[in-house]
Amino acid sequence: MKKNSWFITIATILGFAFLYIPIISLIIFSFNESKLVTVWSGFSTKWYGKLLSDPQILGAAWISLKIAFVSASLAMVLGTLAAFVLVRFRKFHGKNLLSGMITAPLVMPDVIIGLSLLLLFISMESIFGWPAGRGLTTIIIAHTTFSMAYVAIVVQSRMIDMDGGLEEAALDLGAKPVRVFFDITLPMISPALVSGWLLSFTLSLDDLVIASFVSGPGASTLPMVIFSKVRLGVSPDINALATIIIVIVAIGVVIASMQMKPRKTS
Amino acid sequence: MQNQQPAATNPKPWLDPNEQPFIRISNLTKKFDDFTAVDNVSLDIYRQELFCLLGGSGCGKSTLLRMLAGFETPTSGRIEIDGQDVANVPPYDRPTNMMFQSYALFPHMSVEKNVAYGLMRDGMAKSEANDRVNEMLKLVQLDGFATRKPDQLSGGQRQRVALARSLIKQPKLLLLDEPLGALDKKLREETQFELINIQESLGVTFIVVTHDQEEAMTLSTRIGVMDVGEIVQIGEPRDIYEFPQSRFVADFIGSVNMFEGNVVDDAENYVRIHCKQADCHIHVAHGVSCTENQKLWFAIRPEKMTLSREKPESNYNFVEGKVDEIAYMGNLSVFRIKLTSGDIIRVTKSNLLRRDEDNISWDETVYLSWEDTAGVVLMQ
């Protein structure tokens, strides 16, 4: 083991370099003075300033955050319910099918999810008149749909690990089922809820393809705006924007992974 | 803790036909799909008993306990606790509490909060609950640990917290699922006696589920031995050990040597059995309701046989064999004797002397003999 540790060291360095050099160079160039994205000409934070005065980007960021917040919250509730059914209910007809289907959005290409949701929304509108047109609501519904699968999986694994005796013990000591849920089950699965929520939040912020399909006028998310800007050429303020997003996502991921670890007191 | 129940006047209420049972289980059956976990069990348990349900894994003892607690619904049959039919009473309204095998302590609550949980759900005032909790923690010798979290405690301390939490509501009936299973041997022995003391001082009726026969023998007033969903024998520890009613019980509790034989002489006050396999004649000094030539079994415990080099004078109640294996265990030695038929007989000998110059050793030819009241005749 010790003998070939140099090999492991080099492999580790190369692996991390491959992953992080593009990100680091992007962060560095976001502080570039020059208008040319790939030529360094001195340190400056002017692109951040320009970014903050761009109403189009700020508006899109605000829309993205709203969508991410609402869809993550909805996904957390629905995903937890799904996990509850999958873990707690005794065998019922179609349980295996359901637990297989819950993971489908994880492997389904975004294009297909986006297209199928778009078709659904159009036919729903023509039948019940809701959702009227496409926009914020449809993006939220779409993001909730696929985020929910992630939440269900995270919560499900937490609930399987949980000692079923805990809830029975609470029942036995005189707590009614609703009380048991809030006193015992919820605190036990809360780390999974937090990480599921953060995961959904970042997935929603990230998504370009599905949002492009189900979006409508006046509801351009940040990735959509970036993508359309980059088509006209990469400008340094996009680097600044990307850096901000990386920082936010990194914080989210770190918190989520800290929540997933078993808590050790003392 | 006040004793709410009247002190038991009769130490063995199950022998008194006029005594009212505290728990009455009648024709209780539980099926999971096609599998019958508990099969038509009827059982009476009396106030202040410490009743053990003993059996191997999968014998249905835990399912029976869970039906008493209300976590499983019986497929058929009745459970009455203190005269009340509890069939439709949910676990949170039953006068029972349970101590779980895994202890099931709430990991996000301190010891204090864990123990107080039951009282808080009953809506007891905080100050009163605090007093009760402190008193209870003192009883289980955990005062000073009130603010710790369960993961800061040792296995033995967790076990006590679980016990305290299940006793705090002063249940009429406490159900204990393998209460000492997770403790090491030494701690288990100490805790057994503590459990008995607590049970006696609080006067609560205990039903303990265990697979450990030694634990059942030490703890209980009576034992119910279970096998594949049925209770095969109920009795005081001594009855179960000395007078097993079937080969299963004889074999499950302690170790036993079994001789299969046929009745050759059936008299009013004795029976003679011939065991072909071991080529020995067995004389039993009491009448057995059997017919001549009937096949039956003679069971005898290893400690009830005598080991010697000299051939006994009588021509029955002994076998001849060679010492195959000796295990020195400190307080006693276990000898495995191989008969000419190839059967192995276990016999134990107390090591009364610290040095035994003349001890029987490997490959010696020896004789095992026994009194004519030492064994049990079994029909099934």
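These figures come from a predicted structure and were not determined experimentally. (Residues numbered from 1 in each chain as written. Chains lettered and ligands numbered in written order. Predicted model: local features only at pLDDT ≥ 70, side-chain atom pairs only at ≥ 80, totals over all residues. Heavy atoms only, no water.)

## Structural notes on the overall build of chain A
Part 1 of the reasoning: Check the secondary structure of chain A and you find 12 helices and zero strands.
Part 2 of the reasoning: Seen in sequence order, chain A has helices and strands lined up from the N terminus as α-α-α-α-α-α-α-α-α-α-α-α.
Part 3 of the reasoning: Judged by the C-alpha coordinates and their principal axes, chain A covers about 70 × 70 × 30 Å.
Part 4 of the reasoning: Expressed as a percentage of the 266 residues in chain A, the buried residues total 38%.
Part 5 of the reasoning: A fraction of 67% describes how many contacts in chain A between residues 6 or more apart in sequence connect residues 24 or more apart.
Part 6 of the reasoning: For chain A, the computed accessible surface area is about 15100 Å², with 74% contributed by carbon and sulfur atoms. (Helix = DSSP H or I, 4+ residues; strand = E, 2+ residues; numbered from the N terminus. Buried < 20%, exposed > 50% of the residue type's maximum accessible area, 1.4 Å probe, protein only. Contact = heavy atoms within 4.5 Å. Areas by Shrake-Rupley, 256 points an atom, 1.4 Å probe, with all protein chains shown as cover.)

## Comments concerning the packing of aromatic side chains
Part 1 of the reasoning: Under the counting rule described, the total for this entry stands at 16 aromatic pairs over all chains.
Part 2 of the reasoning: Sitting above the plane of the phenylalanine 84 of chain A ring, arginine 88 of chain A keeps its charged end 5.9 Å from the centroid. (Phe/Tyr/Trp six-rings, centres within 6.5 Å; stacked < 30°, edge-to-face > 60°. Lys NZ or Arg CZ within 6 Å of the ring centre and 35° of its normal.)

## Re the domain arrangement of chain B
All names here are of chain B.
Part 1 of the reasoning: Entries for chain B in the domain assignment read domain 1 (13–95 + 171–247) and domain 2 (255–378).
Part 2 of the reasoning: Put simply, the middle of domain 1 and the middle of domain 2, counted by C-alpha atoms, are 34 Å apart.
Part 3 of the reasoning: Across the contact, seven residues belong to domain 1 and seven residues belong to domain 2.
Part 4 of the reasoning: Summed over both sides, the interface of domain 1 with domain 2 buries roughly 670 Å², with 56% coming from carbon and sulfur.
Part 5 of the reasoning: The residue lysine 304 makes a salt bridge to glutamate 242 at a minimum N-O spacing of 3.1 Å.
Part 6 of the reasoning: Joining domain 1 to domain 2, the criterion identifies three residue pairs in polar contact (both at pLDDT 80 or more).
Part 7 of the reasoning: Here the side of domain 1 that touches domain 2 gets three residues from one element, more than from any other, and that element is helix 7 (residues 237–242). (Domains from an automatic or database assignment. Buried area = accessible area lost by both parts, 1.4 Å probe. Salt bridge = Lys/Arg side-chain N within 4 Å of Asp/Glu carboxyl O. Polar contact = N/O pair within 3.5 Å; in protein donor to acceptor, adjacent residues only side chain to side chain.)

## As for the pattern of salt bridges
Where charged atoms from two side chains of opposite charge come close, those side chains can pair.
Part 1 of the reasoning: Taken as a whole, this structure holds 24 salt bridges over all chains when the rule is applied.
Part 2 of the reasoning: With a closest N to O distance of 3.4 Å, glutamate 260 of chain B and lysine 295 of chain B form a salt bridge. Here glutamate 260 of chain B, found in strand 11 (residues 257–266), pairs with lysine 295 of chain B, found in strand 14 (residues 295–300); they are 35 residues apart in sequence, far enough to count as distant.
Part 3 of the reasoning: Judged by its relative accessible area of 41%, glutamate 260 of chain B is partly exposed.
Part 4 of the reasoning: Taking the shortest distance from any N to any O, the salt bridge between glutamate 303 of chain B and lysine 304 of chain B comes out at 3.1 Å.
Part 5 of the reasoning: On the basis of relative accessibility, which here comes to 37%, the residue glutamate 303 of chain B falls in the partly exposed class.
Part 6 of the reasoning: According to the relative accessible area criterion, lysine 304 of chain B is partly exposed, its value standing at 25%.
Part 7 of the reasoning: Among the charged side chains, a network of salt bridges with common partners joins Asp54, Lys229 and Asp237 of chain A.

## As for the sheet that holds strand 13 (residues 280–284) of chain B
Adjacent strands of a sheet pair through backbone hydrogen bonds, lying either parallel or antiparallel.
All names here are of chain B.
Part 1 of the reasoning: If you trace the five strands from one edge of the open sheet to the other, you get 13-12-11-14-20, paired in antiparallel fashion. Looking along the sheet, the strands with just one partner apiece sit at the ends: strand 13 and strand 20 (376–378). Across the sheet, the mean angle from the axis of one strand to that of its neighbour is 40 degrees, orientation sign disregarded.
Part 2 of the reasoning: Bridging between strand 11 and strand 12 (residues 271–275) involves four bridges; their strand directions are antiparallel. Its bridge partner lying in strand 12, asparagine 262 is registered against histidine 274. (Pairing = 2+ DSSP bridges. Axes fitted to C-alpha atoms, helices over the stretch in contact; angles between N-to-C directions.)

## Concerning the interface of chain B and chain A
Part 1 of the reasoning: On the chain A side, the residues contacting the 25 residues of chain B number 22 residues.
Part 2 of the reasoning: Roughly 2000 Å² of surface becomes buried between chain B and chain A when both sides are summed, with 58% attributable to carbon and sulfur atoms.
Part 3 of the reasoning: Contact with chain A buries surface across chain B, with Tyr92, Tyr117 and Arg121 of chain B losing the most and accounting together for 29% of the total.
Part 4 of the reasoning: One can count two salt bridges joining chain B with chain A.
Part 5 of the reasoning: In this structure, arginine 121 of chain B engages aspartate 183 of chain A in a salt bridge whose closest nitrogen and oxygen atoms are separated by 3.3 Å.
Part 6 of the reasoning: The tally of links from chain B across to chain A stands at nine residue pairs in polar contact (both at pLDDT 80 or more).
Part 7 of the reasoning: Of all the elements in the fold, those that place two or more residues in the side of chain B that touches chain A are helix 1 (61–69), strand 6 (96–99) and helix 2 (111–121) of chain B.
Part 8 of the reasoning: Of the residues that constitute the side of chain B that touches chain A, the class distribution is 13 nonpolar, six polar and six charged. (Nonpolar A, V, L, I, M, F, W, Y, C, P; charged D, E, K, R; others polar.)

## Overview of helix 6 (residues 110–128) of chain A
Residue and element names in this part refer to chain A.
Part 1 of the reasoning: Here helix 6 spans 26 Å end to end across 19 residues, near enough to the 27 Å set by a 1.5 Å rise per residue.
Part 2 of the reasoning: On its buried face, helix 6 sits against helix 5 (104–107), helix 7 (136–161) and helix 10 (209–214).
Part 3 of the reasoning: Once helix 6 ends, the next one or two residues include glycine 129, with phi positive near 80 degrees. (Expected span 1.5 Å × (residues − 1).)

## A short note on the sheet that holds strand 15 (residues 306–308) of chain B
Residues and elements named next belong to chain B.
Part 1 of the reasoning: Pairing in this open sheet of five strands is antiparallel, and the strands run 15-19-16-17-18 from one edge to the other. Across the chains shown, the open sheet's two edge strands, defined by having one partner strand only, are strand 15 and strand 18 (344–350). Here the strands of the sheet are splayed against their neighbours by 45 degrees on average, with no regard to which way each runs.

## Thoughts on the packing of helix 3 (residues 55–88) of chain A against helix 11 (residues 222–230) of chain A
Each pair of packed helices can be summarised by the angle the axes make with each other and by the distance between the axes.
All names here are of chain A.
Part 1 of the reasoning: The geometry of helix 3 relative to helix 11 is characterised by a closest axis approach of 7 Å and an angle of 145 degrees between their N-to-C directions. Within the contact between the two elements, helix 3 uses Gln56, Ile57, Ala60, Ala61 and Ser64 and helix 11 uses Leu222, Pro223, Val225 and Lys229.
Part 2 of the reasoning: The residue makeup of the contact of helix 3 with helix 11, split by class, is six nonpolar, two polar and one charged.

## Some points on the packing of helix 2 of chain B against helix 3 (residues 126–139) of chain B
Residues and elements named next belong to chain B.
Part 1 of the reasoning: Between helix 2 and helix 3, whose axes approach to 9 Å, the crossing angle comes to 125 degrees. It follows that helix 2 is oblique to helix 3 by the angle criterion. Like other packed secondary-structure pairs, helix 2 and helix 3 cross with a definite hand, here right-handed. The segment helix 2 lies against helix 3, with Val111, Glu112, Val115, Ala116, Leu119 and Met120 engaging Lys126, Ala129, Asn130, Arg132, Val133, Met136 and Leu137. (Parallel < 35°, antiparallel > 145°, perpendicular 65-115°, else oblique. Left-handed = near helix turned anticlockwise from the far one by under 90°.)

## Structural notes on the pairing of strand 8 (residues 205–210) of chain B
All names here are of chain B.
Part 1 of the reasoning: Among the six residues of strand 8, six are classified as buried, and the element is accordingly described as predominantly covered.
Part 2 of the reasoning: A two-sided burial pattern is seen for strand 8, the buried positions comprising Thr205, Ile207 and Val209 on one face and Phe206, Val208 and Thr210 on the other.
Part 3 of the reasoning: Here strand 3 (residues 50–54) pairs with strand 8 via five bridges, running parallel. The residue of strand 8 that forms the bridge with phenylalanine 51 is isoleucine 207.
Part 4 of the reasoning: One ladder, built from five bridges, connects strand 7 (residues 173–177) with strand 8; its direction is parallel. Within strand 8, the position partnered with aspartate 177 by the bridge is valine 209.
Part 5 of the reasoning: Assessed by its sense of winding, the connection that carries the chain from strand 7 through helix 5 (residues 185–202) to strand 8 is right-handed. (Right-handed = clockwise from strand over helix to strand, strands pointing away.)

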